[in-house]
Amino acid sequence: MDGNKLNELRELVEFLKANDIAEFDMEQDDLKVRIKFAGEPAPAGIDVAQLSRLMASAPAAHAPVPTAAAPVAAPAAATGPVEEALHEVKSPIVGTFYESPSPGAPSFVKVGDQVEVGQVLCIVEAMKLMNEIEADVAGEVVKRIATSGQPVEYGQPLFAIKAR
């Protein structure tokens, strides 16, 4: 691996750390990169254009897959009163989160809405298939955790619902 590629990888690692991105995979020509930081997973929020610019220079060479590890973070101490237990609706698949059926359309649900079991909360697109994610408890939507148009991982929380 030449010096330019090594510097680009260092910049990439710094970018990922600065933006609290816990896991990143990239394939470009003959180069494969997988970076996974130890500790609690961070919300996804990758700016693909910035990452592409970082990796755009110099042709790729055969290289092993580098893995960077950060020290495991100590659990944060509770600063406020214990929050009442909320039910998290988690993504059953890896894909892209969408809060509405189409661009410009109203969201399926908003914070404060009452939902019933089986009611559609959002869509997760995976391999060009739109998968409707339904509420698995009845209650009030307290928080939308995922951001529309952003990638989500398997098991990543999407909504917090105060169950009835």
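Note that the structure is a prediction, hence the values are computed from the model and not measured. (Residues numbered from 1 in each chain as written. Predicted model: local features only at pLDDT ≥ 70, side-chain atom pairs only at ≥ 80, totals over all residues. Heavy atoms only, no water.)

Topic: the overall build of the protein
Part 1: Helix and strand counts for the protein stand at two helices and ten strands.
Part 2: Secondary structure elements in the protein, listed N-terminal to C-terminal, are α-β-β-α-β-β-β-β-β-β-β-β.
Part 3: Burial status across the protein gives 29% buried among its 164 residues.
Part 4: Of all intrachain contacts in the protein linking residues separated by at least 6 positions in sequence, the fraction that spans at least 24 positions is 62%.
Part 5: Working note: accessible area of the protein is about 10400 Å², and carbon and sulfur atoms make up 54% of it. (Helix = DSSP H or I, 4+ residues; strand = E, 2+ residues; numbered from the N terminus. Buried < 20%, exposed > 50% of the residue type's maximum accessible area, 1.4 Å probe, protein only. Contact = heavy atoms within 4.5 Å. Areas by Shrake-Rupley, 256 points an atom, 1.4 Å probe, with all protein chains shown as cover.)

Topic: the packing of aromatic side chains
Part 1: Taken as a whole and judged by the stated rule, the model has one aromatic pair.
Part 2: A centroid spacing of 6.0 Å and a plane angle of 55° characterise the contact between phenylalanine 97 and phenylalanine 159, whose relative ring orientation is tilted. Of this pair, phenylalanine 97 sits in strand E4 (residues 95–98) while phenylalanine 159 sits in strand E10 (residues 157–163), and the two are 62 residues apart along the sequence. (Phe/Tyr/Trp six-rings, centres within 6.5 Å; stacked < 30°, edge-to-face > 60°.)

Comments concerning the sheet that holds strand E6 (residues 120–126)
Part 1: If you walk across this open sheet you meet the four strands as E7-E6-E4-E9, and the pairing is antiparallel. Unpaired on one side and paired on the other, strand E7 (129–134) and strand E9 (151–152) mark the two borders of the sheet.
Part 2: Both E6 and E7 contribute to a ladder of six bridges, which runs antiparallel. Across the sheet, the residue bridging to valine 124 is asparagine 131, located in E7. (Pairing = 2+ DSSP bridges.)

Quick notes on the nonpolar core
Part 1: Phe97, Val115, Leu121, Leu158 and Phe159 are the most contacted members of the largest nonpolar core, which has 16 residues in total.
Part 2: Elements that contribute at least two residues to this core include exactly E6 and E10.
Part 3: Apart from residues lying up to four places away in sequence, valine 115 is in contact with Val109, Leu121, Ala135, Val137, Ala138, Gly139, Val141, Ile161 and Arg164.
Part 4: Within the second largest apolar cluster, twelve residues are counted, among which are Leu9, Phe15, Leu16 and Val33. (Core = buried A, V, L, I, M, F, W, Y, C linked by side-chain atoms within 4.5 Å.)

Comments concerning the environment of lysine 36
Part 1: In this structure, lysine 36 sits in strand E2 (residues 31–36).
Part 2: On the accessibility criterion, lysine 36 (44% relative accessible area) is partly exposed.
Part 3: Distance from lysine 36 to alanine 22, taken between C-alpha atoms, is 5.8 Å for residues 14 residues apart in sequence.

Concerning the pairing of strand E8 (residues 139–144)
Part 1: Across two bridges, strand E5 (residues 114–115) lies against E8 in antiparallel orientation. Looking across to E8, one finds that glutamine 114 is bridged to glutamate 140.
Part 2: Examined bridge by bridge, E8 and E10 share five bridges and lie antiparallel to one another. Looking across to E10, one finds that glutamate 140 is bridged to lysine 162.

As for helix H1 (residues 3–18)
Since there are 3.6 residues in each turn of an α-helix, residues three or four apart along the chain are aligned in direction.
Part 1: In a regular helix each residue adds 1.5 Å, so 16 residues correspond to 22 Å; H1 covers 22 Å between its end C-alpha atoms and thus fits that length.
Part 2: When H1 is considered as a whole, its buried residues turn out to be Lys5, Glu8, Leu9, Leu12, Val13, Phe15 and Leu16. The buried side chains of H1 occupy one side of the element, clustering within an arc of 160° when seen end-on.
Part 3: One or two positions beyond H1, positive phi appears at aspartate 20, with a value near 55°. (Expected span 1.5 Å × (residues − 1). Arc of directions from axis to C-beta.)

Digging into the side chain of glutamine 156
Part 1: Mapped onto the elements of the fold, glutamine 156 is located in the loop between E9 and E10.
Part 2: In this structure glutamine 156 comes out as buried when scored by relative accessible area, which is 16%.
Part 3: A polar side-chain atom of glutamine 156 sits 3.0 Å from the main-chain amide nitrogen of glutamate 153.
Part 4: Residues in contact with glutamine 156, not counting those within four places in the same chain, are Val89, Lys90, Ser91 and Pro151. (Polar contact = N/O pair within 3.5 Å; in protein donor to acceptor, adjacent residues only side chain to side chain.)

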